[in-house]
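Here are the chains, one letter per residue:
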Amino acid sequence: MPRRHILRAQQFDMELLKTIFRRADQFAIWNEVPWMKETVRERCRGRVQVSLFYQPSTRTRISFGIAAHRLGIHVEPTENAREFSSAIKGESLEDTIRVLNAYEVDLIVLRHYEEGAAQRAAAVSSCPIINAGDGPGQHPTQALLDLYTIRQSHFEIDGITVVIGGDLTRGRTARSLAYLLSKYKDVRIIFVAPPELRMGSDVLDHLKEHGIAFAEHDVLEDVAPDADVVYWTRTQTEHPLDGIDDNALQARYCIDEHIIDIMKSDAIVMHPLPRNSEISTAIDGNLRAVYFRQAGNGVPVRMAAIEWTLGLL
Amino acid sequence: MPRRHILRAQQFDMELLKTIFRRADQFAIWNEVPWMKETVRERCRGRVQVSLFYQPSTRTRISFGIAAHRLGIHVEPTENAREFSSAIKGESLEDTIRVLNAYEVDLIVLRHYEEGAAQRAAAVSSCPIINAGDGPGQHPTQALLDLYTIRQSHFEIDGITVVIGGDLTRGRTARSLAYLLSKYKDVRIIFVAPPELRMGSDVLDHLKEHGIAFAEHDVLEDVAPDADVVYWTRTQTEHPLDGIDDNALQARYCIDEHIIDIMKSDAIVMHPLPRNSEISTAIDGNLRAVYFRQAGNGVPVRMAAIEWTLGLL
Amino acid sequence: MPRRHILRAQQFDMELLKTIFRRADQFAIWNEVPWMKETVRERCRGRVQVSLFYQPSTRTRISFGIAAHRLGIHVEPTENAREFSSAIKGESLEDTIRVLNAYEVDLIVLRHYEEGAAQRAAAVSSCPIINAGDGPGQHPTQALLDLYTIRQSHFEIDGITVVIGGDLTRGRTARSLAYLLSKYKDVRIIFVAPPELRMGSDVLDHLKEHGIAFAEHDVLEDVAPDADVVYWTRTQTEHPLDGIDDNALQARYCIDEHIIDIMKSDAIVMHPLPRNSEISTAIDGNLRAVYFRQAGNGVPVRMAAIEWTLGLL
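Residues numbered from 1 in each chain as written. Chains lettered and ligands numbered in written order. Predicted model: local features only at pLDDT ≥ 70, side-chain atom pairs only at ≥ 80, totals over all residues. Heavy atoms only, no water.

Asks: What should I look at first to understand the overall build of chain A in this one?
Replies: Counting secondary structure elements, chain A contains 14 helices and 9 strands. Over its C-alpha trace chain A gives a radius of gyration of 19 Å, about what one expects of a compact globule, namely 20 Å for 313 residues. Each of the three principal axes of chain A carries a C-alpha extent, and together these read 55 × 50 × 40 Å. Counting every atom, chain A has about 11,400 Å² of accessible surface; 48% of that belongs to carbon and sulfur. Distance from the positive charge centre (35 side chains) to the negative charge centre (43 side chains) of chain A: 6 Å. (Helix = DSSP H or I, 4+ residues; strand = E, 2+ residues; numbered from the N terminus. Rg over C-alpha atoms; globule rule 2.2 N^0.38 Å. Areas by Shrake-Rupley, 256 points an atom, 1.4 Å probe, with all protein chains shown as cover. Lys, Arg positive; Asp, Glu negative; His and termini not counted. Charge placed at Lys NZ, Arg CZ, Asp CG, Glu CD.)

And the structure:
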């Protein structure tokens, strides 16, 4: 069997997506199916996962940690490898991976601040690498759980209309989701962003190539009533861009009670979290607001993803 | 069953204190009772505790970690959530709690730098919250283990005389202990502190209301012979107060061989640790110096407290 | 049984080295011997190891973590105790050890920035201490795995010629290895270092005392053909020395294809890692380059070392 890394959202074909999502369906009812637990764990017993985080991400680390624990995998954590590890003594990422390989670990979950880091790690690793975010690059398991959440609400992804909005220049989750949606039939994407924060042309070109209908728009209010899914993202104020007043943007691009009221009754509002003011807490109780369920889906989806990398799926 | 949070020392009634302390008595002899281990663990198997520490506290984190491990609970640790988590991206504490709820964790042990944080977390959480210290506010499991340590030495808490001294303005453990002692009969409290670091009037008012006899004093030497318990605290030099020379205070308020010699033969010296020079290492070997045993009691008491939050006690 | 600490490389006699290495041989084939796993774990079940790291070292912490996990020992980690723990409130190392003792932990793996810290910890601890590096002092399990790696390739250590080179002034691994080699018969050591970074006179005096033949040399090329082992170390640029241009040194003292080509066919190149440019990545594929296998040996050797401290070996 060739090594099974998870590096980019685009690597998954429809067949594999289905397999992972069906397995995630089983894991999603984990607490209701006690008899499943021992069987699942038995297959992973004794395996070791290293969570190698060169960039902090408590949320991602904890959801991978819980996923591994439920599977019976032991996790060696590293909360801030950039600052703490031998990286400060000049060790290359490749050497760190080679040393972990020498420890015979079974899986490396890597978060890094540089685009392409996961690809570089995979090129030398003798065990699977899961890319848990590489700088402005990809975060494929986030894309998987986003798609899984859409499927949970709409059952079929073919034919839906998805509004993707917010900070489309700096947000990698929006980019990855657009790539994944391009695999489905008759999907329509409407990008909503201020002119300064539009979706990159590489993604738009990819959609054109795959014959995906898309449009770009400035004002959410105009397109919200058409959406089956509104996927909203945070203005990444921690990566400032020249000439952009992030606070003003956040105020203009906010999902509040008015927006959710004009949406279809079965539409959903998603967000990769953390959110700032771009989603009003006033809508948290609305059934269409699924962003916390979406975050929760990270655990079953990552359980299935880990099983796949280990050749168990 | 209503959600069982542990937020404030005052929330425990006498009945519950007795229940927790009796259970802690069993856990205190953990290594001597091998047959108990599997029974205890079986009930918690598969449960997940998140130690969400926005403020570092190695000691508290490790004792909660060992307590959870002995109970068979898996811990997802976060050593410095304030710096590392999505908090730096502006996520509210409430949202972080909601995400952990979505991961279906069973328990959140929260340490935070702001007073009232645990209360805010509990207001939105669907799983129990244990307050492991909220800034200048409360640290209720520390108060429990303090009381447990007194009970270990004196059997009955009713009727004892407790000297509480040191930095009573900035020390939350001293405050919590005073609150808890007010539940017992005929307890006498003598506060010993320099005028600048006296116990807050809220605590004194509470004692008056509950008819607890108390006095305030400047000099430990004068009152040490009366004490059944001397509970001493550290000058919190990391939170400087205007016009106070902490080094001078520490030198004046020191428990040394002279002080311990004038204490009753069955009296005990307690300290929440860490200590600086306010307790001389020269008395460490004295049988009346119980502060390390007190720290060790953190494990069995927290085991019992965790069991209670999970509805197992 | 007296407490079994691991504090200095010199503490091991030949008999004990043999015992540890034979046990490591069993652990080195861990994944091939499934039936061994349960037996090994049964003996350690319920034990707790605290990894108390006052200085970051991801590699060492993870290899001790994996070693403990395989033995069935639970680990409470502390990635940066210096910054995070009550050390910043002025707690002494001795008090921290006493508190961990009160928690009834079974083993403390200590990394500290001050020479002699492990010795100080051991002086007060009621459980075993393993020194995982104390500043410029010792790192005895690294020395064990270095020796184990030599034994793996040459079977007998008696009679071999070892070139130890690089930064011999600031590198503690080179020092510890020299001490350990002095226990074997007819070993010849050639130190290769620029005049500014020579091996300390304390080590040279020790070798003279024990009748070990040694020489000092400036140029690796001249002595590489004689070596059975070339043990190379990194220029510790993070601890700058007056008047030394580390970059220039690193360029002059580099093991590349030319050097490895003039070595004996069964000679090996070792390095404690992390490396910078002093070992060319071009030789990574060469069978004589064993530094990643050497790192990997950290797990089985530390498993055996831990078992010994617990009285199980």
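Let us keep going from here.
Asks: Teacher, can you tell me more about the sheet that holds strand β2 (residues 74-78) of chain C here?
Replies: The pairing of strands in a sheet happens through backbone hydrogen bonds and is either parallel or antiparallel. The strand order across the open sheet formed by 4 strands is β2-β1-β3-β4 (chain C), and the pairing between neighbours is parallel. Every interior strand has two partners, whereas the edge strands, β2 and β4 (129-134) of chain C, have only one. Shown here is a sheet whose adjacent strand axes are inclined to one another by a mean of 15 degrees, direction ignored. Looking at chain direction, strand β3 (residues 107-112) of chain C and β4 of chain C are connected through 4 bridges and run parallel. Considered in β4 of chain C, the bridge of L110 of chain C is made with N131 of chain C. Taken strand by strand, helix α3 (residues 58-71) of chain B contacts β1 (48-53) and β2 of chain C, and its axis lies near 165 degrees from that of β2 of chain C. (Pairing = 2+ DSSP bridges. Axes fitted to C-alpha atoms, helices over the stretch in contact; angles between N-to-C directions. Contact = heavy atoms within 4.5 Å.)

Asks: Sorry, what's going on with the interface of chain B and chain A here?
Replies: Accessible area lost when the parts come together is the quantity often used to give the size of an interface. Facing the 24 residues of chain B at the interface are 28 residues of chain A. Between chain B and chain A the total buried area reaches about 2,300 Å² when both faces are included, carbon and sulfur atoms providing 55% of it. For D284 of chain A, the salt bridge goes to R98 of chain B, with nearest N and O atoms at 3.8 Å. For the pair chain B and chain A, the number of links is 7 residue pairs in polar contact (both at pLDDT 80 or more). When contributions to the side of chain B that touches chain A are tallied by element, the ones reaching two or more residues are β1 (48-53), β2 (74-78), α4 (81-84) and α5 (93-102) of chain B. Sorting elements by how many residues they give to the side of chain B that touches chain A places α5 of chain B first, with 5 residues. Taken together, the residues of the side of chain B that touches chain A break down into 9 nonpolar, 6 polar and 9 charged. (Buried area = accessible area lost by both parts, 1.4 Å probe. Salt bridge = Lys/Arg side-chain N within 4 Å of Asp/Glu carboxyl O. Polar contact = N/O pair within 3.5 Å; in protein donor to acceptor, adjacent residues only side chain to side chain. Nonpolar A, V, L, I, M, F, W, Y, C, P; charged D, E, K, R; others polar.)

Asks: What is the right way to look at the pattern of salt bridges in this model?
Replies: Here the idea is simple: oppositely charged side chains can pair when their charged atoms come close. Scanning the model with the defined rule gives 57 salt bridges over all chains in all. A salt bridge links E42 of chain B to R45 of chain B, with the shortest nitrogen-to-oxygen separation between them at 2.8 Å. Accessibility expressed as a relative area gives 46% for E42 of chain B, which makes it partly exposed. Residue classification places R45 of chain B among the partly exposed positions, given a relative accessible area of 42%. Residues joined in a network through salt bridges with shared partners are E38, R41, E42 and R45 of chain A. (Buried < 20%, exposed > 50% of the residue type's maximum accessible area, 1.4 Å probe, protein only.)

Asks: What is the right way to read helix α7 (residues 140-154) of chain A from this model?
Replies: An α-helical turn contains 3.6 residues, so a residue and the one three or four places further along point in the same direction. Residue and element names in this part refer to chain A. With 15 residues, α7 should cover 21 Å at 1.5 Å per step; its first-to-last C-alpha distance of 21 Å lies within 8% of that length. Extensive coverage of α7 is indicated by the burial of 12 of its 15 residues. Buried residues of α7: P140, T141, Q142, A143, L144, L145, D146, L147, Y148, T149, I150 and H154, and no others. Following α7 by one or two positions, F155 has its phi on the positive side, about 60 degrees. (Expected span 1.5 Å × (residues − 1).)

Asks: What exactly am I supposed to notice about the side chain of Q49 of chain C here?
Replies: Residue and element names in this part refer to chain C. Its place among the elements puts Q49 in strand β1. When its relative accessible area of 0% is taken as the criterion, Q49 is described as buried. When neighbours within four sequence positions are excluded, Q49 is seen to be in contact with F64, A68, I73, H74, V75, E76, L107, V109 and I306.

Asks: Help me understand the layout of surface pockets in this model?
Replies: Any empty space left between atoms is shown by rolling a water-sized probe over those atoms. Taken as a whole, the largest pocket spans an internal volume of roughly 1,600 Å³. Forming the walls of the largest pocket are 44 residues, and the residues nearest its centre are H69 of chain A, H69 and H74 of chain B together with H69 and H74 of chain C. Of the residues belonging to the lining of the largest pocket, the class tally is 10 nonpolar, 18 polar and 16 charged. (1 Å grid on protein atoms, 1.4 Å probe; cavity = no way out; pocket = protein on both sides within 12 Å on 5 of 7 lines; lining within 4 Å. Points joined across faces, edges and corners; volume = space filled by probe spheres on them.)

Asks: Just checking my understanding: could you explain the interface of chain C and chain A for this structure?
Replies: Each partner contributes residues to the interface: chain C has 28 residues there, and chain A has 24 residues. Here chain C packs against chain A, burying approximately 2,300 Å² in sum over the two surfaces, 54% of which is carbon and sulfur. On inspection of chain C and its partner chain A, the count reaches 3 salt bridges. Among the ionic pairs, E91 of chain A bridges to R59 of chain C, the shortest N-O distance being 2.4 Å. The interface formed by chain C and chain A contains 7 residue pairs in polar contact (both at pLDDT 80 or more). Only α3 (58-71) and α13 (291-296) of chain C provide two or more residues apiece to the side of chain C that touches chain A. With 9 residues, the top contributor of residues to the side of chain C that touches chain A is α3 of chain C. Here the residues of the side of chain C that touches chain A sort into 9 nonpolar, 9 polar and 10 charged.

Asks: Looking at this structure, how should I read the packing of α7 of chain A against helix α8 (residues 172-181) of chain A?
Replies: The packing of two helices is summarised by the inter-axis angle and the distance between the axes. Residues and elements named next belong to chain A. Running from amino to carboxyl end, α7 crosses α8 at an angle of 60 degrees, the nearest separation of the two axes being 9 Å. Here α7 is positioned oblique relative to α8, judged by the angle of their axes. Read as a crossing pair, α7 and α8 show a hand that is right-handed. Touching Q142, A143, L144, D146, L147 and I150 of α7 are T173, S176, L177, L180 and L181, all from α8. (Parallel < 35°, antiparallel > 145°, perpendicular 65-115°, else oblique. Left-handed = near helix turned anticlockwise from the far one by under 90°.)

Asks: Is there a simple way to think about the packing of helix α1 (residues 14-28) of chain B against helix α2 (residues 34-44) of chain B in this case?
Replies: All names here are of chain B. Close contact between α1 and α2 brings their axes to 11 Å; oriented N to C, the two are set at 125 degrees. Here α2 runs oblique to α1, going by the angle between their axes. Along its contact with α1, which presents R23, Q26 and F27, the element α2 presents M36, V40 and R43. Residues of the contact of α1 with α2, tallied by class, amount to 3 nonpolar, 1 polar and 2 charged.

Asks: Would you take a moment to explain the domain arrangement of chain A for this structure?
Replies: All names here are of chain A. Segmenting chain A into domains produces domain 1 (9-138 + 297-309) and domain 2 (140-295). Of note, the centres of domain 1 and domain 2, computed from C-alpha atoms alone, are 26 Å apart. When domain 1 packs against domain 2, close to 2,300 Å² is buried across both sides, 58% of that on carbon and sulfur atoms. Where domain 1 packs against domain 2, one counts 1 salt bridge. Put simply, R151 and D25 hold a salt bridge, and the shortest N to O gap is 2.8 Å. Put simply, domain 1 and domain 2 have 12 residue pairs in polar contact (both at pLDDT 80 or more) between them. Mapped by element, the contributors of at least two residues to the side of domain 1 that touches domain 2 are α1 (14-28), α3 (58-71), β4 (129-134) and α14 (298-309). Ranked by residue count, the leading element in the side of domain 1 that touches domain 2 is α1, at 8 residues. The class makeup of the residues in the side of domain 1 that touches domain 2 is 14 nonpolar, 8 polar and 6 charged. (Domains from an automatic or database assignment.)

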